[in-house]
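# Per-entry structural report
Next come the chains, spelled out residue by residue.
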Amino acid sequence: MILETALLAVKPGQGPAFEQAMAEAQPLIAATPGFLGLEVRPCLEAPDRYLLLVRWDRLEDHTEGFRGSERYARWKALLHRFYDPFPVVEHYGEPVVSTPAPCGRSA
């Protein structure tokens with residue numbers, strides 16, 4: 001499993017509109033073969049900052065499959081206008097260290 005990450009700096013005051021656009025865009029990425037899940041988390045310390053986490057089966061599912069699709073053009077049209085500056089997207093491999101959640105708690 002590959003973990004795609006991006007720290008999204010949304011233009012001030014645009015958080016609610018960004019969240020709505022992300023909800024609209026989510027099915028576009030979810031339709032991609034190899035897509036395993038997506039989370040967008042708001043930063044508790046900095047308004048208008050979000051963490052994007054996307055799980056992929058393989059790196060190419062994102063870099064070639066999604067970015068090479070017609071759906072990506074719609075994704076860009078919905079979301080890229082919110083970012084300032086444009087985010088750095090990185091991909092991470094399997095954990096080298098992992099601690100499971102305590103008994104009875106989910107991760």
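The name given to the chain in an unreviewed UniProt entry is Antibiotic biosynthesis monooxygenase, with the source organism recorded as Azospirillum aestuarii.

In this section: the packing of aromatic side chains. Under the definition given, this model contains eight aromatic pairs. Ring geometry for Phe18 against Tyr83: centres 6.0 Å apart, planes inclined by 65°, an arrangement best described as edge-to-face. In this pair, Phe18 sits in helix 1 (residues 15–30) while Tyr83 sits in the loop between helix 3 (70–79) and strand 4 (89–92), placing the two residues 65 residues apart along the sequence. Both residues of the pair, Phe18 and Tyr83, belong to the buried class. An aromatic cluster is present here, built from Phe18, Tyr50, Phe82, Tyr83 and Phe86 joined pairwise through their rings.

Time to look at the side chain of Thr32. Within the secondary structure layout, Thr32 lies in the loop between helix 1 and strand 2 (35–42). Overall, the relative accessible area of 4% leaves Thr32 in the buried class. Excluding residues that lie within four positions of it along the chain, Thr32 makes contacts with Trp56, Asp61, Gly65, Phe66 and Arg71.

About the thresholds
- Residues numbered from 1 in each chain as written.
- Predicted model: local features only at pLDDT ≥ 70, side-chain atom pairs only at ≥ 80, totals over all residues.
- Heavy atoms only, no water.
- Phe/Tyr/Trp six-rings, centres within 6.5 Å; stacked < 30°, edge-to-face > 60°.
- Helix = DSSP H or I, 4+ residues; strand = E, 2+ residues; numbered from the N terminus.
- Buried < 20%, exposed > 50% of the residue type's maximum accessible area, 1.4 Å probe, protein only.
- Contact = heavy atoms within 4.5 Å.

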